[in-house]
Amino acid sequence: MREITGKHVLFFTVSAFAVIIAVNLTMAYKAVSTFPGLEVKNSYVASQTFDHDRAAQEALGWTLAPEYDAAAKEVRLVFTDAAGMPVTLQDLSVLIGRTTSASQDRRPDFSRQAGAYVAKTDLGMGKWMMQIEARAADGTLFRQRIDLSVKG
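Attention in this report is confined to the structure presented alongside it. Along every chain, residues carry numbers that run from 1 in the direction the sequence is written. Restriction of local features to residues with pLDDT of at least 70 applies here, the model being predicted, together with a cutoff of 80 or more for giving and counting side-chain atom pairs; totals for whole chains, interfaces and linings are based on all residues. Note: side-chain values were computed over all heavy atoms of the structure, leaving out hydrogens and water.

1. Brief notes about the sheet that holds strand S4 (residues 111-113)
One open sheet holds the 4 strands; their spatial order is S1-S2-S5-S4, and the pairing between them is antiparallel. Edge positions in the sheet fall to strand S1 (63-69) and S4, since each of these pairs with one other strand and no more. When the angles between neighbouring strand axes are averaged without regard to direction, this sheet yields 30°. Two strands make a pair as long as DSSP finds a minimum of two bridges between them. Counting from the N terminus, the helices are DSSP H or I runs at least four residues long and the strands are E runs at least two residues long. By the bridge criterion, 3 bridges tie S4 to strand S5 (residues 116-120) in an arrangement that is antiparallel. An axis is simply a line fitted to the C-alpha atoms; with a helix, the fit covers only the stretch in contact. Between two such axes, the angle follows the N-to-C directions and lies from 0 to 180 degrees.

2. Structural notes on the packing of aromatic side chains
When two rings of Phe, Tyr or Trp (its six-membered ring) have centres within 6.5 Å they constitute a pair, described as stacked for plane angles under 30 degrees, edge-to-face for angles over 60, and tilted for the intermediate range. This structure, assessed with the given rule, holds 4 aromatic pairs. On the basis of an interplanar angle of 80° and a centroid distance of 5.9 Å, the ring pair of phenylalanine 79 and phenylalanine 142 is categorised as edge-to-face. Of this pair, phenylalanine 79 sits in strand S2 (residues 74-80) while phenylalanine 142 sits in strand S7 (residues 141-150), and the two are 63 residues apart along the sequence. Only protein chains enter the calculation, and the probe is 1.4 Å; a residue is then buried if its accessible area is under 20% of its type maximum, exposed if over 50%, and partly exposed in between. The buried category is assigned to phenylalanine 142, whose relative accessible area is 3%.

3. Thoughts on the layout of surface pockets
Here the largest pocket defines a volume of roughly 920 Å³. No other element matches the 6 residues that helix H3 (residues 50-60) contributes to the lining of the largest pocket. Looking at the lining of the largest pocket, its residues break down into 12 nonpolar, 9 polar and 9 charged. Think of a 1 Å grid over just the protein atoms. A cavity is a set of points where a 1.4 Å probe fits yet cannot get out, a pocket is an open set with protein on both sides within 12 Å along at least five of seven lines, and lining residues have an atom within 4 Å of a point. Grid points are joined across faces, edges and corners, and a volume is the space filled by probe spheres set on the points. Following the grouping adopted for this structure description, the nonpolar residues are Ala, Val, Leu, Ile, Met, Phe, Trp, Tyr, Cys and Pro, the charged ones are Asp, Glu, Lys and Arg, and the polar ones are all others, Gly among them.

4. Things to note about a nonpolar patch on the surface
Residues Phe17, Ile20, Ile21 and Leu25 make up a contiguous nonpolar surface patch of about 420 Å² in total accessible area. By the element assignment, isoleucine 20 lies in helix H1 (residues 6-33). The class for isoleucine 20 is partly exposed, based on a relative accessible area of 47%. Within this analysis, patches are made of residues with over 30% relative accessible area and no salt bridge. Like charges are joined at 9 Å or less; nonpolar side chains (Val, Leu, Ile, Met, Phe, Trp, Tyr) at 5 Å or less. Surface exposure here means Shrake-Rupley accessible area, sampled with a 1.4 Å probe, where a residue is shielded only by the protein chains that are shown. Throughout this description, the term salt bridge denotes a Lys or Arg side-chain nitrogen within 4 Å of a carboxyl oxygen of Asp or Glu.

5. Structural notes on the sheet that holds S7
With antiparallel pairing, 3 strands are arranged side by side in an open sheet as S3-S6-S7. Either end of the sheet is taken by a strand with one partner, and the two such strands are strand S3 (91-98) and S7. Across this sheet, the average inter-strand angle for adjacent strands is 15°, counted without regard to direction. With 10 bridges joining them, strand S6 (residues 126-135) and S7 adopt antiparallel strand pairing. Residue pairing for S7: methionine 130 is matched across the bridge by isoleucine 146.

6. Let's talk about the nonpolar core
Only buried residues count toward a nonpolar core, which is a set of Ala, Val, Leu, Ile, Met, Phe, Trp, Tyr and Cys residues joined through side-chain atoms within 4.5 Å. Of all hydrophobic cores here, the largest spans 24 residues; its most connected members are Trp62, Val75, Leu77, Phe79, Leu123, Met130 and Ile132. Where this core is concerned, the elements lending two or more residues are S1, S2, S3, S5, S6 and S7. Note on contacts: a residue pair is in contact if any heavy atoms of the two residues lie within 4.5 Å. Setting aside residues no more than four positions away along its own chain, methionine 130 makes contact with Pro66, Val75, Leu77, Val94, Leu95, Ile96, Gln144, Arg145 and Ile146.

7. Quick look at the pattern of salt bridges
Summed over all chains, the structure comprises 5 salt bridges. Glutamate 74 is the salt-bridge partner of lysine 120, the closest N and O atoms lying 3.6 Å from each other. In this pair, lysine 120 sits in strand S5 while glutamate 74 sits in strand S2, placing the two residues 46 residues apart along the sequence. With a relative accessible area of 18%, glutamate 74 lands in the buried category.

8. Notes on unusual backbone geometry
Note: most residues except glycine have negative phi, and most peptide bonds are trans. Located in the positive-phi region is lysine 73, a residue other than glycine, with phi close to 55°. On the secondary structure map, lysine 73 appears in the loop between S1 and S2. For alanine 114, which is not a glycine, the phi torsion comes out positive at approximately 55°. With respect to the secondary-structure elements, alanine 114 resides in the loop between S4 and S5. Judged by relative accessible area, alanine 114 falls into the exposed class, the value being 80%.

By themselves these figures say nothing about function.
This is how it looks when you write it as structure tokens:
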């Protein structure tokens, strides 16, 4: 059996810390490189109209029901008013992407079909998010972020 010397202990200690530091640097790089970015450019400016915008959106009385049909590969958004009737939108913009990375972000083109807004897009299995911005006929902006889970 060999004798453990100070050099052996030093080598073991330096190696252990080198592994820990390498793993931490790798994890930090992955976290920063996959971060999709900011929600708003200036949070202070956005906060100045937040309560007014929220009240206007709530006054619409809309409900949004999202669906994804994996077989047909289409996203379906059903907007209804307080009476449960379908809503006609002036404008619709939807960003669909993974919750952890911007690499698969897409903006599908939606068309109105039988009271719903439908777009063809192939979403793989897993967690997705949709950032929806719809404009009412009177110009009121409706915003909602929805998490969507696609199962195989």
